[in-house]
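Structural description and commentary
For reference, the chains in residue letters:
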Amino acid sequence: MTQNEFLDFFDECSACFPGWSKWVGDNSPDVPRTLARWSPILSDVTTTEALSVLTRWLHGTLPAPKAYEYENFILLVKSVVGADRSKANSQYDSEENRARYAKTQGVYKQSKEMAKMAEALDLMYEERAKVLFGHQTAEQAEAKVAEIQADFGRRLDLV
């Protein structure tokens, strides 16, 4: 947002929130200088983004600044725009990840070794679950898990 765009935005804010405009006039010793200091805060914010925040405040979809927050009014605009951008980036990342996943569906083929490992892990999990349900002791489960691990090692020629 340029200096002139900021001044137009300030005028729009003043029209929408007259109490804020009055607060600025009553509390700033030099309003043009205050606005000149505030302008760079929104330099990386587009007018469209800033007006979107203002519109949502007016319609009540975002809580509008309270009188005690007037001093931080411009920082609140920047904060909301930052949150909007973060949300948009997060959504973009999620959509991109979903698209990438959909694109690779069916491309990934599990190796024989990985299939054997998954099978062994499932069997070990079942033995440990039997302990939780009281179907066997921990010692019995440990012995069966050791057997599964040894069998897995032989099947992959690890031993």
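Residues numbered from 1 in each chain as written. Predicted model: local features only at pLDDT ≥ 70, side-chain atom pairs only at ≥ 80, totals over all residues. Heavy atoms only, no water.

So, about the pattern of salt bridges. As enumerated under the stated definition, the model contains six salt bridges in all. A salt bridge links Lys 130 to Glu 127, with the shortest nitrogen-to-oxygen separation between them at 3.3 Å. Of the two residues, Lys 130 and Glu 127 are both situated in helix 6 (residues 112-132); the distance of three residues between them amounts to about one turn of the helix. (Salt bridge = Lys/Arg side-chain N within 4 Å of Asp/Glu carboxyl O. Helix = DSSP H or I, 4+ residues; strand = E, 2+ residues; numbered from the N terminus.)

Tracing the backbone shows Gln 136 in the loop between helix 6 and helix 7 (138-155). Among the polar contacts listed, one links the side chain of Gln 136 to the side chain of Glu 127, at a separation of 2.9 Å. In contact with Gln 136, other than residues within four places in its own chain, are Glu 127, Lys 130, Val 131, Ala 141 and Lys 144. (Polar contact = N/O pair within 3.5 Å; in protein donor to acceptor, adjacent residues only side chain to side chain. Contact = heavy atoms within 4.5 Å.)

Turning our eyes to something else, we now look at the packing of aromatic side chains. Under the defined criterion, the tally for this structure stands at seven aromatic pairs. Judged by centre distance (3.9 Å) and plane angle (20°), the rings of Trp 20 and Phe 73 are stacked. Pair noted here: Trp 20 is in helix 2 (residues 18-27) and Phe 73 is in helix 5 (residues 73-104), with a separation of 53 residues, a long-range link. In this structure, Trp 20 and Phe 73 share a single accessibility class: buried. A network of ring pairs unites the aromatic residues Phe 10, Phe 17, Trp 20, Trp 38, Trp 57 and Phe 73 as a single cluster. (Phe/Tyr/Trp six-rings, centres within 6.5 Å; stacked < 30°, edge-to-face > 60°. Buried < 20%, exposed > 50% of the residue type's maximum accessible area, 1.4 Å probe, protein only.)

With respect to the element layout, Ser 39 can be found in the loop between helix 3 (31-38) and helix 4 (47-59). Dropping the residues within four chain positions of it, Ser 39 is found in contact with Thr 2, Gln 3 and Phe 6.

Together, Met 114, Met 117 and Leu 121 make up a nonpolar patch on the protein surface, roughly 260 Å² of accessible area in all. In this structure, Leu 121 sits in helix 6. (Patch = residues over 30% accessible without salt bridge, like charges linked within 9 Å, V, L, I, M, F, W, Y side chains within 5 Å. Areas by Shrake-Rupley, 256 points an atom, 1.4 Å probe, with all protein chains shown as cover.)

For the rest of this paragraph, the subject is the nonpolar core. Counting residues in each nonpolar core, the largest one holds 22 residues, and the members touching the most others are Phe 9, Trp 20, Leu 42, Trp 57 and Phe 73. When residues of this core are traced back to their parent elements, those giving at least two are helix 1 (3-16), helix 2, helix 3, helix 4 and helix 5. Broken down by element, the residue count for this core peaks at five residues, all from helix 5. When sequence neighbours within four positions are dropped, the list of residues in contact with Phe 73 reads Cys 13, Phe 17, Trp 20, Trp 57 and Pro 65. Membership of the second largest hydrophobic core comes to five residues, among which are Ala 120, Val 145, Ile 148 and Phe 152. (Core = buried A, V, L, I, M, F, W, Y, C linked by side-chain atoms within 4.5 Å.)

Before going further, it helps to examine a negative patch on the surface. On the surface, Glu 5, Asp 8, Asp 11 and Glu 12 cluster together into a negatively charged patch. One can find Asp 8 in helix 1. (Lys, Arg positive; Asp, Glu negative; His and termini not counted. Charge placed at Lys NZ, Arg CZ, Asp CG, Glu CD.)

On the basis of relative accessibility, which here comes to 32%, the residue Lys 130 falls in the partly exposed class. Leaving out residues up to four positions away in the same chain, Lys 130 has contacts with His 135 and Gln 136.

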